[in-house]
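Each chain is listed here by its residues.
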Protein chains: 2
Amino acid sequence: MSGKLYVVGLGPGEARFLTPEAGAALEAAEALYGYVPYLARVPERAGQQRFASDNREELARAGAALSHAAGGSRVAMVSGGDPGVFAMAAAVIEAIEAGPAEWRALEVEIVPGITAMLAVAARTGAPLGHDFCAISLSDNLKPFEVVERRLRLAAQAGFAMAFYNPVSKARPWQLDRAFEVLREELPGSVPVIFGRAVGRADERLRVLALTHARGHMADMATCIIVGSVETRLVERPGLPSLVYTPRSAGPR
Amino acid sequence: MSGKLYVVGLGPGEARFLTPEAGAALEAAEALYGYVPYLARVPERAGQQRFASDNREELARAGAALSHAAGGSRVAMVSGGDPGVFAMAAAVIEAIEAGPAEWRALEVEIVPGITAMLAVAARTGAPLGHDFCAISLSDNLKPFEVVERRLRLAAQAGFAMAFYNPVSKARPWQLDRAFEVLREELPGSVPVIFGRAVGRADERLRVLALTHARGHMADMATCIIVGSVETRLVERPGLPSLVYTPRSAGPR
């Protein structure tokens, strides 16, 4: 029997975001691989093996899962959110490209999920309601000058922006620098959303103006959305304001 | 009893993409509103009213659903893909902003879904595996010069790109013009993916180089992904090539 690797998006947190397609892939798999907290979200099942690994070991984890599948098993790599957005799908394909020929013969099925920025957007209104971009602020794999240049061009283009990987212990200053760069390009009144652990019990949302946005307001579980100059708030008595970018959003 | 409006993302097609949260919202609703083909995806239920409308009537549809909910009912506006990405969430909030004060008192719950670009990306590899943007090519609500400017800045920033609303009967030339603009900014070898009706029985995928990309290859049901200069193909014997953007993707 030939093996198969699923790369499965769990969505942002609780089971109410897990698609039936993702559930079926987890059910079909004889073994699960993944970063510890993502694996912990999948209920244990008798006879299904589990291989948890640390956050910074994507390529090694991908290789282990591919080797396992190449032995003839159905294996699932679990990923938070959507596996194709700053998650495991690219790492798996990088590993296939660099790995033994037999990995290219494996069936690979990538199962999409709700990515963090869509969950944060839905909880606050429609801040990504017009043209937008998604940027990883991590400079583990690219120089931060590239991030700065992208931020400036994105602001000039009039995109709303979602930031993934905004901070970590090893990257304490990058988010503050990103806000500084954007304050040079955009009015200070542009809304910024900090969405922490959205879709989970400890969810926390905060909306404030770019002028007041600071790096310490985020942690590793935070996805940040920065509006465009067109993004605005609709105030509601007794309810949180809705943040949205109109469908007609034009140039700055 | 006070009313409530759900804005529900159905995902890209079949029920296997519908999250349990979206299913629960459709179950709770006493009335459904939506564009004809999206409503047709939701099984009929005794006692649940249905109000189907044409594609170009987003604001009128939003107003009708808000009025209905303001009468004290639980109403769901259904949307293909994710309601926050070039879909109904922004139209609903625009209507709230412009509408009577009582609409601001309504509970509004936006339920995210798998948006088209994530489904297309998953079917082909990980073309959105690094920084990317999403652009509507429609010039119904913004001049096409804005689109052209965004395309150039996005290419200069090194973003992969997803195009929504690439063509329609009223917009026959815009997609060809978009490819022309990108050929001035990017190498002709950059991969372009046409994903039509992804997640449905009549799904069709096509991957070719930017040099060869033409407007007639898309229709209204197509989502297009244009890679960055870093995006590449991993060839596989007897299987479709995997298209992916490495996690380390730097500047052009």
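Rules of the game
Residues numbered from 1 in each chain as written. Chains lettered and ligands numbered in written order. Predicted model: local features only at pLDDT ≥ 70, side-chain atom pairs only at ≥ 80, totals over all residues. Heavy atoms only, no water. Pairing = 2+ DSSP bridges. Helix = DSSP H or I, 4+ residues; strand = E, 2+ residues; numbered from the N terminus. Contact = heavy atoms within 4.5 Å. Axes fitted to C-alpha atoms, helices over the stretch in contact; angles between N-to-C directions. Phe/Tyr/Trp six-rings, centres within 6.5 Å; stacked < 30°, edge-to-face > 60°. Buried < 20%, exposed > 50% of the residue type's maximum accessible area, 1.4 Å probe, protein only. Core = buried A, V, L, I, M, F, W, Y, C linked by side-chain atoms within 4.5 Å. UniProt positions renumbered as here; feature names shortened; annotations may be inferred. Buried area = accessible area lost by both parts, 1.4 Å probe. Salt bridge = Lys/Arg side-chain N within 4 Å of Asp/Glu carboxyl O. Least-squares fit on C-alpha atoms with pLDDT ≥ 70 in both. Domains from an automatic or database assignment. Lys, Arg positive; Asp, Glu negative; His and termini not counted. Polar contact = N/O pair within 3.5 Å; in protein donor to acceptor, adjacent residues only side chain to side chain. Parallel < 35°, antiparallel > 145°, perpendicular 65-115°, else oblique. Left-handed = near helix turned anticlockwise from the far one by under 90°. Nonpolar A, V, L, I, M, F, W, Y, C, P; charged D, E, K, R; others polar.

Novice: An account of the sheet that holds strand 12 (residues 232-236) of chain A is requested, with residue identities and associated values reported.
Specialist: Sheet architecture is open: 3 strands sit in the order 6-13-12 (chain A), paired in mixed fashion. Here the strands that pair on one side only, and so sit at the sheet edges, are strand 6 (125-126) and strand 12 of chain A. Against the sheet, helix 4 (residues 88-98) of chain B makes contact with strand 6, strand 12 and strand 13 (239-244) of chain A, and its axis sits at roughly 120° relative to strand 13 of chain A, the strand it touches most.

Novice: Tell me what's going on with the packing of aromatic side chains, and back it up with residues and numbers.
Specialist: The relative placement of two aromatic rings is captured by the distance of their centres and the angle of their planes. Scanning the entire structure with this criterion turns up 13 aromatic pairs over all chains. With a centroid separation of 5.2 Å and an interplanar angle of 75°, the aromatic rings of A:Phe144 and A:Trp173 are classed as edge-to-face. Taken as a pair, A:Phe144 in helix 7 (residues 144-157) and A:Trp173 in the loop between strand 8 (160-164) and helix 8 (174-185) lie far apart in primary sequence, 29 residues in all. Accessibility expressed as a relative area gives 4% for A:Phe144, which makes it buried. Relative accessible area serves as the criterion here: at 46%, A:Trp173 is assigned to the partly exposed category. Judged by centre distance (4.6 Å) and plane angle (20°), the rings of B:Tyr33 and B:Phe51 are stacked. Highlighted residues: B:Tyr33 in strand 2 (residues 31-35) and B:Phe51 in strand 3 (residues 49-53), separated in sequence by 18 residues. Site record: aromatic cluster; members linked through ring pairs are A:Phe86, A:Tyr164 and B:Phe132.

Novice: So, the nonpolar core: which residues are in play, and what are the values?
Specialist: Within the largest apolar cluster, 60 residues are counted, with the highest numbers of intra-cluster contacts made by A:Met161, A:Phe163, A:Phe179, B:Met161, B:Phe163, B:Phe179 and B:Val226. With near-sequence residues (within four places) excluded, B:Val226 lies in contact with B:Ala160, B:Met161, B:Phe163, B:Phe179, B:Leu182, B:Leu186, B:Val190, B:Pro191 and B:Val192.

Novice: Can you explain the UniProt feature "domain: Tetrapyrrole methylase" (unreviewed entry) in chain A? Please cite residues and give values.
Specialist: When the UniProt feature table is mapped onto this chain, "domain: Tetrapyrrole methylase" (unreviewed entry) is found at residues 4-208 of chain A. Split by type, residues 4-208 of chain A is 37% helix and 24% strand. Its first and last C-alpha atoms lie 46 Å apart.

Novice: With reference to specific residues and values, describe the interface of chain A and chain B.
Specialist: Each partner contributes residues to the interface: chain A has 72 residues there, and chain B has 72 residues. Both faces combined, the contact of chain A with chain B buries some 6200 Å², and carbon together with sulfur accounts for 62% of it. In terms of surface lost to chain B, no three residues of chain A exceed A:Arg104, A:Arg150 and A:Arg247, which account for 12% of the buried area on that side. Across the contact surface, chain A and chain B share 12 salt bridges. A:Glu97 is paired through a salt bridge with B:Arg232; the nearest N and O atoms lie 2.9 Å apart.

Novice: Requested: an account of the relation of the copies chain A and chain B, with residues and values cited.
Specialist: Expressed as a screw transformation, the operator carrying chain A onto chain B has a rotation angle of 180° and an axial translation of 0.0 Å, and the superposed copies differ by an RMSD of 0.0 Å. The operation mapping one copy onto its partner corresponds to a two-fold rotation axis. Residue A:Cys133 of chain A places its C-alpha closer to the rotation axis than any other residue of that unit, at 1.9 Å. The share of interface residues of chain A whose copies in chain B are also at the interface is 100%, consistent with both copies meeting through the same surface.

Novice: Before we move on, could you go through the environment of A:Val92 and cite the residues and values that matter?
Specialist: All names here are of chain A. Looking at the secondary structure, you find Val 92 in helix 4 (residues 88-98). Given the relative accessible area of 1%, Val 92 is considered buried. On a C-alpha basis, the gap between Val 92 and Leu 175 in space is 28 Å, while along the polypeptide they are 83 residues apart. When near neighbours in sequence (up to four residues on either side) are disregarded, Val 92 contacts Leu 5, Val 7, Ala 62 and Leu 66.

Novice: Outline the domain arrangement of chain A, supporting the account with residue identities and numerical values.
Specialist: All names here are of chain A. Here the domain parsing of chain A yields domain 1 (4-114) and domain 2 (117-244). Centre-to-centre separation of domain 1 and domain 2, based on C-alpha positions: 28 Å. Listed as interface residues are 11 residues of domain 1 and, on the opposing side, 13 residues of domain 2. Surface buried jointly by domain 1 and domain 2 totals about 830 Å² across both partners, of which 61% is contributed by carbon and sulfur atoms. Of all residues in domain 1, Pro 12, Arg 56 and Phe 86 give up the largest surface area on contact with domain 2, accounting jointly for 51% of the area buried on that side. On the surface where domain 1 and domain 2 come into contact, there are 0 salt bridges.

Novice: Explain the side chain of A:Asp82 to me, using residue names and the numbers behind them.
Specialist: Residues and elements named next belong to chain A. Of note, Asp 82 is situated in the loop between strand 4 (74-79) and helix 4. Buried charge without a salt bridge: Asp 82, with Arg 41 as the nearest opposite-charge side chain at an N-O distance of 12 Å. A polar atom in the side chain of Asp 82 sits 3.0 Å from the backbone nitrogen of Gly 113.

Novice: How would you sum up the packing of helix 3 (residues 58-70) of chain A against helix 4 of chain A? Please name residues and give values.
Specialist: Between two packed helices, both the angle of their axes relative to each other and the distance between the axes serve to describe the pair. Residues and elements named next belong to chain A. Between helix 3 and helix 4, whose axes approach to 9 Å, the crossing angle comes to 65°. One element, helix 3, and the other, helix 4, form an angle in the roughly perpendicular class. Along this stretch, helix 3 crosses helix 4, giving a crossing that reads as right-handed. Contact with helix 3, carried on its side by Glu 58, Leu 59, Arg 61, Ala 62, Gly 63 and Leu 66, involves Met 88, Ala 91, Val 92, Glu 94, Ala 95 and Ile 96 of helix 4 and no other residues of that element. When grouped by side-chain class, the residues that make up the contact of helix 3 with helix 4 number 8 nonpolar, 1 polar and 3 charged.

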